[in-house]
Amino acid sequence: MQAEKVADYITKWLKDYLGPSHSKGFVVGVSGGIDSALVSTLCARTGAPTLVIEMPIHQSSAEVQRSQAHINWLTSKFPNVTGAKVDLTEAFETFQKTVKSNEINEVNSYSDVAFANMRSRLRMVNLYYFASLKGYLVAGTGNKVEDFGVGFFTKYGDGGVDISPIADLLKSEVRAVADVLGVSHEIIKAPPTDGLFGDTRTDEDQIGASYDELEWAMNHLDLSQEQQGGVTFTDRQKKVLEIYNQRHAANLHKMVEIPRCIIPPELKAKQA
């Protein structure tokens, strides 16, 4: 891949989109991971005002350190970038306490996931608050494998955005573009994690496969039936394809238009 040209192409795409949108700039939430680091760098390269926000909620010290170092690097390199930290821990704990004490609350196997997704949704609300104040667009940080492969994002959380600059880039391509733009190697090499559970689990721990494996599965399934035929898989490859297909099917609702109930025209027509 021509990583430098891809970076220039996305930067121009962002500029071209910004003008007609009547927005003044971009807001990006950074987590210390490679996807948000790349998106914030691409937005910064446009020259438009770019607000980069770290939003910790019981984050690990390593994630916080990488986020802060990246923001410092951006603000030293791009005068159009403003860095900020909005600690949402207290807001999250207040919400958690409120719903736990409500009579309709229950504790079950979905409780941890529900609260994890709430962290993501709380960050989305925060980003849109500042976007509304400043007239900015919220730039999404999802890559192609997450957004259109296995659906590994929170609906109306990190999936709630105005634009998706890197949603056509596979994870290996994200690494390549981040590298040519000078993103920290510490960030590039850090194990991907959504940081939503307050522990050390990685994306691979949650999904059961690495992004390189999922990327292989996605590329394989994009082949024609003729091209797929006659291939002998290892036991691990069979497992990865199973994981990919299960995740894709379960999360398809995140990747398609919201279902609408379409009323038959004859029912809406005025009666004689």
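In what follows, the accompanying structure is described. Because the structure is predicted, anything quoted here is derived from the model rather than measured.

## Here's the deal with the sheet that holds strand β3 (residues 81-85)
Next, step 1: Strand order in this open sheet of 4 strands is β3-β2-β1-β4, and the pairing throughout is parallel. The sheet terminates laterally at β3 and β4 (136-138), the two strands that pair on one side only. In this sheet, adjacent strand axes meet at a mean angle of 25 degrees when their direction is disregarded.
Next, step 2: Looking at chain direction, strand β2 (residues 50-54) and β3 are connected through 5 bridges and run parallel. Directly across from I53, in β3, lies its bridge partner A84.
Next, step 3: Of the strands in this sheet, β1 (25-30), β2 and β3 touch helix α3 (residues 61-77), which is tilted by about 155 degrees from β3.

## Here we look at the packing of helix α10 (residues 211-221) against helix α12 (residues 235-250)
Next, step 1: The interhelical angle for the contact between α10 and α12, taken along N-to-C directions, is 80 degrees, at an axis separation of 9 Å. Between α10 and α12, the interaxial angle falls into the category roughly perpendicular. Of the residues in α12, those in contact with E213, L214, W216, A217, M218, H220 and L221 of α10 are R236, Q237, V240, L241, Y244 and N245.
Next, step 2: For the contact of α10 with α12, a count of residues per class yields 8 nonpolar, 3 polar and 2 charged.

## Points about the nonpolar core
Next, step 1: Grouped together as the largest cluster of nonpolar side chains are 27 residues, with contacts concentrated most on F26, L38, L42, L169 and V177.
Next, step 2: When residues of this core are traced back to their parent elements, those giving at least two are α1 (3-21), β1, α2 (34-45), α7 (171-180) and α8 (185-189).
Next, step 3: Not counting chain neighbours up to four residues away, the residues in contact with F26 comprise L14, L18, C43, T46, A48, P49, T50, L51, Y136, L137 and I163.
Next, step 4: In terms of nonpolar packing, the next biggest core, distinct from the first, is built from 15 residues, V27, L51, L88 and F115 among them.

Calculation rules
- Residues numbered from 1 in each chain as written.
- Predicted model: local features only at pLDDT ≥ 70, side-chain atom pairs only at ≥ 80, totals over all residues.
- Heavy atoms only, no water.
- Pairing = 2+ DSSP bridges.
- Helix = DSSP H or I, 4+ residues; strand = E, 2+ residues; numbered from the N terminus.
- Axes fitted to C-alpha atoms, helices over the stretch in contact; angles between N-to-C directions.
- Contact = heavy atoms within 4.5 Å.
- Parallel < 35°, antiparallel > 145°, perpendicular 65-115°, else oblique.
- Nonpolar A, V, L, I, M, F, W, Y, C, P; charged D, E, K, R; others polar.
- Core = buried A, V, L, I, M, F, W, Y, C linked by side-chain atoms within 4.5 Å.
- Buried < 20%, exposed > 50% of the residue type's maximum accessible area, 1.4 Å probe, protein only.

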